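# Observations on the three-dimensional arrangement
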Amino acid sequence: MATYETFAAVYDSIMDDSLYEKWTNFSLRHFPEGKKKLLEHACGTGIQSIYFKKAGFDVTGLDLSQEMIKIADKRAQDVGLDISFIQGNMLDLSKIETYDLITCYSDSLCYMEDEIAVGDVFEQAYQHLNDGGVFIFDVHSIYQIDKIFPNYSYHENADDFAFVWDSYLGDAPHSIVHELTFFIKEENGFFSRHDEIHEERTYDRITYEVLLEQAGFKNIKVYADFTDNEPSETSSRWFFVAEK
């Protein structure tokens, strides 16, 4: 699983900022009224956590990467917001408390090794939700993985970094490999090269639904691309809303 060690340094520069507002708006439409205690899985550099905090939620952000957590914590402090950020693994929430709401956005579940791990995430989320709580996550659709991502290439140049992103089909069904190359400007003015490989995988809708049901969730709803519409064959991102 990727740790984003280098990616953390330039993550915000390459992320589409408009997505955070879209994730927030989708969440607000599907969170139950009166539920405020929120755990954000894969919080990254904390931008989404800040959106949730400003919307009135008691937010805890969890991320596997200590680099991301450091950036997130500083970002919240800089804007005077009290948000708890913890380094941890969504596969094991045994050391944290329970919440009314759990989110896992930005296709973070697609980084799980296999469907067993996905099921483990669902079980952990269920166990750490209060009764009546809601778990919301998004994943890449099969169409996105199989048809859109292969041979995708993105390059960006800035004054202090350059970034190359190339994607290829993986060996497992509905999987993709992202090869990331960063050139980071050091204090001496020279650029250092860093390479990372990120592997993602998705499954058909029924697999996600069955795994959610096995974990104990009920009233499972599936939507597409930040809307409240049913997914189509060409939807790129699926959103799941599941109740405890």
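Residues numbered from 1 in each chain as written. Predicted model: local features only at pLDDT ≥ 70, side-chain atom pairs only at ≥ 80, totals over all residues. Heavy atoms only, no water.

Oppositely charged side chains can pair when the atoms bearing their charge come close. One pass over the full model with this rule turns up eight salt bridges. Connected through salt bridges with shared partners, the residues Asp107, Asp138 and Arg237 form a single ionic network. (Salt bridge = Lys/Arg side-chain N within 4 Å of Asp/Glu carboxyl O.)

Okay, the packing of helix α5 (residues 115-127) against helix α7 (residues 205-215) next. Running from amino to carboxyl end, α5 crosses α7 at an angle of 40 degrees, the nearest separation of the two axes being 9 Å. Comparing the axis directions of α5 and α7 gives the class oblique. Our pair here, α5 against α7, has a crossing hand that is right-handed. Mapping the contact onto sequence places Glu115, Val118, Gly119, Phe122, Glu123 and Tyr126 in α5 and Thr207, Tyr208, Leu211, Leu212 and Ala215 in α7. Partitioned by chemical class, the residues of the contact of α5 with α7 number seven nonpolar, two polar and two charged. (Axes fitted to C-alpha atoms, helices over the stretch in contact; angles between N-to-C directions. Helix = DSSP H or I, 4+ residues; strand = E, 2+ residues; numbered from the N terminus. Parallel < 35°, antiparallel > 145°, perpendicular 65-115°, else oblique. Left-handed = near helix turned anticlockwise from the far one by under 90°. Contact = heavy atoms within 4.5 Å. Nonpolar A, V, L, I, M, F, W, Y, C, P; charged D, E, K, R; others polar.)

This brings us to the sheet that holds strand β11 (residues 237-243). Ordered in space as β3-β2-β1-β4-β5-β11-β10, the seven strands form an open sheet in which the pairing is mixed. The open sheet terminates on both sides in strands that have one partner only, identified here as β3 (84-87) and β10 (218-224). Sheet twist, expressed as the mean angle between neighbouring strand axes with direction ignored, is 15 degrees. Relative to β11, β10 runs antiparallel, the two sharing five bridges. From the neighbouring strand, Val222 faces β11, where its bridge partner is Phe240. In the packing of helix α4 (residues 66-78) onto the sheet, contacts are made with β2 (58-63) and β3, and the angle to β3 comes to roughly 170 degrees. (Pairing = 2+ DSSP bridges.)

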